[in-house]
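# Commentary on secondary and tertiary structure
If you want the building blocks of each chain, they are given just below.
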Amino acid sequence: MSAIDRIGPVEIAWGDSPLVFSQPHAGTFLPPEMTAAMTDAARALPDTDWWIDRLYAPLVARFSATVVRTPVSRYAIDVNRDPSGASLYADRTTTGLVPRETFDGAPLWRPGMEPDEAEIARRKRLFFEPYHAALAAAIERARLRFGFCLLWDCHSIRSLVPRLFEGRLPTINLGTFDGRSCSPALRAAAERILANSAESFVIDGRFKGGWIVRHWGRPQARIEAVQMELAQRAYMEEAPPWSFVEDRAERIRALFAELVAGALEEARRLHAPGTVS
Ligand SMILES: [Zn+2]
């Protein structure tokens, strides 16, 4: 058992390596007053990054990763959005800091029960700020102990969400904020590994990385950040009850292990203590 710290509701499960897995959207907890304000469609939490914990658990053990996760649903507040409320993708439909609609466009809040400015500020304080304080702690510890941090932001999404993107997503959607959240050599290493795999993939396609990698990824400060947006068909059934499919998950874990190992190797080469970056 690794040591676990908490900042508010957010957990940091400490590992012993430069790798930090961020898991912002796997939570399903909502305070009862929020559930009471929600529509039936929202209460089913269809937009959760289901089973991310279970999918990644063997990788956490294998790499001795530190994990930052929140039990709170993204419907309360999305810790992977700009806290100013600005859109991540100005030219297309996306969900906001405190979302008002499901991915499919159904209203989240009952009429007249949408959160107001004061409520949004309260959720920032209770749920958003602790998540980023936990990331800050995990990243800083990795930099101090190992000279660098590899921040891997773990996500998954249904393969078909017509309101958010056209067609069927590739299995692997790696985001590097168009090459700004990690070093070019690390992005290139990931691309080589993906090109040699049997999985469909895109880098910086529809998903270029959300607020987490955009805000924290600073390769010049030895923080290498990538977002992994995985099509859910790769490890589960994409309809209720959202069953986990272990043999599919094993295939993806094997590829993720290669990717993480490749990224760590590049990051070590770039940022090993004593090198100039
Ligand atoms: Zn997500």
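For the structure, check the block above.
First, a word on what this report is: a plain description of the structure on this page. Here, residues in each chain are numbered from 1, in the same order as that chain's written sequence. With the structure being a predicted model, the display of local features is reserved for residues of pLDDT at least 70 and the display and counting of side-chain atom pairs for 80 or more, all residues being used for whole-chain, interface and lining totals.

### Digging into the overall build of the protein
For the purposes of this entry, the term helix denotes a DSSP run of H or I that reaches at least four residues, the term strand denotes a run of E that reaches at least two, and both are numbered from the N terminus. Helix and strand content of the protein: seven helices and eight strands. Within these notes, the globule rule equals 2.2 Å times the number of residues to the 0.38 power, and the radius of gyration is based on C-alpha atoms. Relative to the 2.2 N^0.38 estimate, which gives 19 Å for 277 residues, the radius of gyration of the protein is 18 Å and therefore close to what a compact globule would have. Projected onto the principal axes, the alpha-carbon positions of the protein cover approximately 60 × 40 × 35 Å. By the criterion used throughout, residues are in contact when their C-beta atoms, derived from the backbone, lie within 7 Å. In the protein, 77% of the contacts between residues at least 6 apart in sequence involve partners at least 24 apart.

### As for the nonpolar core
The nonpolar core criterion groups buried Ala, Val, Leu, Ile, Met, Phe, Trp, Tyr and Cys residues into a set whenever they are joined through C-beta atoms within 7 Å. Buried means a residue has 20 or more other C-beta atoms within 10 Å of its own C-beta, exposed means 12 or fewer, and partly exposed covers the counts in between; C-beta atoms are placed from the backbone. V20 and W152 are the most contacted members of the largest nonpolar core, which has 72 residues in total. Looking at this core, the element that brings in the most residues is helix α4 (residues 117–146), giving nine residues. With sequence-adjacent residues up to four places away left out, W152 is seen in contact with L19, V20, F21, V226, M228 and V260.

### Observations concerning the sheet that holds strand β4 (residues 66–69)
Taken in spatial order, the eight strands line up as β1-β2-β4-β3-β5-β8-β6-β7 in an open sheet, and their pairing is mixed. Of all strands in the sheet, those with a lone pairing partner are β1 (4–7) and β7 (201–203), marking the two edges. Taking each pair of neighbouring strands and ignoring which way they run, the sheet shows an average axis angle of 20°. Only strands joined by at least two bridges in the DSSP assignment are considered to pair. As judged from the four bridges shared by strand β6 (residues 172–175) and strand β8 (residues 223–231), these two strands associate in the antiparallel manner. Bridge pairing in β8 places N173 opposite E229. For helices, the fitted axis covers only the stretch in contact; all axes are lines through C-alpha atoms, and the angles between them, taken along N-to-C directions, range from 0 to 180 degrees. Across the sheet, α4 is in contact with β1, β2 (10–13), β3 (19–23), β4, β5 (149–157) and β8; its angle to β2 comes to roughly 15°.

### Observations concerning the environment of L151
With respect to the secondary-structure elements, L151 resides in strand β5. For L151 and I212, which are 61 residues apart along the polypeptide, the C-alpha to C-alpha distance reads 9.3 Å.

### What to know about the packing of helix α3 (residues 52–63) against helix α7 (residues 246–271)
Two numbers describe how α3 lies on α7: the axes approach to 9 Å, and their chain directions differ by 35°. Handedness of the crossing formed by α3 with α7: right-handed. Touching L55, P58, L59, R62 and F63 of α3 are A249, R253, F256, A257 and V260, all from α7. Tallied by class, residues from the contact of α3 with α7 come to eight nonpolar, no polar and two charged. By convention, the crossing between two helices is left-handed when the near helix turns anticlockwise from the far helix through less than a right angle, and right-handed when the turn is clockwise. Here the term charged refers only to Asp, Glu, Lys and Arg, the term nonpolar to Ala, Val, Leu, Ile, Met, Phe, Trp, Tyr, Cys and Pro, and the term polar to all other amino acids, Gly among them.

### Overview of α3
The span one expects for a helix is its residue count, reduced by one, times 1.5 Å. Between its first and last C-alpha, α3 extends 16 Å over twelve residues, near the 16 Å set by a 1.5 Å rise per residue. Those residues of α3 that sit buried are I52, L55, Y56, L59 and F63. Projected onto a plane normal to the axis of α3, the buried residues spread over an arc of 80° and lie on a single side. Buried residues along α3 sit in contact with β3, β5 and α7. Where α3 terminates, the next one or two residues include S64, which has phi positive at roughly 50°. Working definition: the arc comes from the directions between the helix axis and the C-beta atoms, pointing outward to the latter.

### Thoughts on the packing of helix α5 (residues 184–195) against α7
The relative placement of two packed helices is expressed as an angle between their axes plus a distance between the axes. Relative orientation of the contacting elements α5 and α7 amounts to 155°, with a least axis distance of 9 Å. The pairing of α5 with α7 is recorded here as roughly antiparallel in orientation. Crossing of α5 over α7 shows right-handed handedness. Together, A185, L186, A189, A190 and I193 of α5 and E258, L259, G262, A263, E266, A267 and L270 of α7 make up the contact between the two elements. These descriptions rest on fixed angle ranges, namely under 35 degrees for roughly parallel, over 145 for roughly antiparallel, 65 to 115 for roughly perpendicular, and the rest for oblique.

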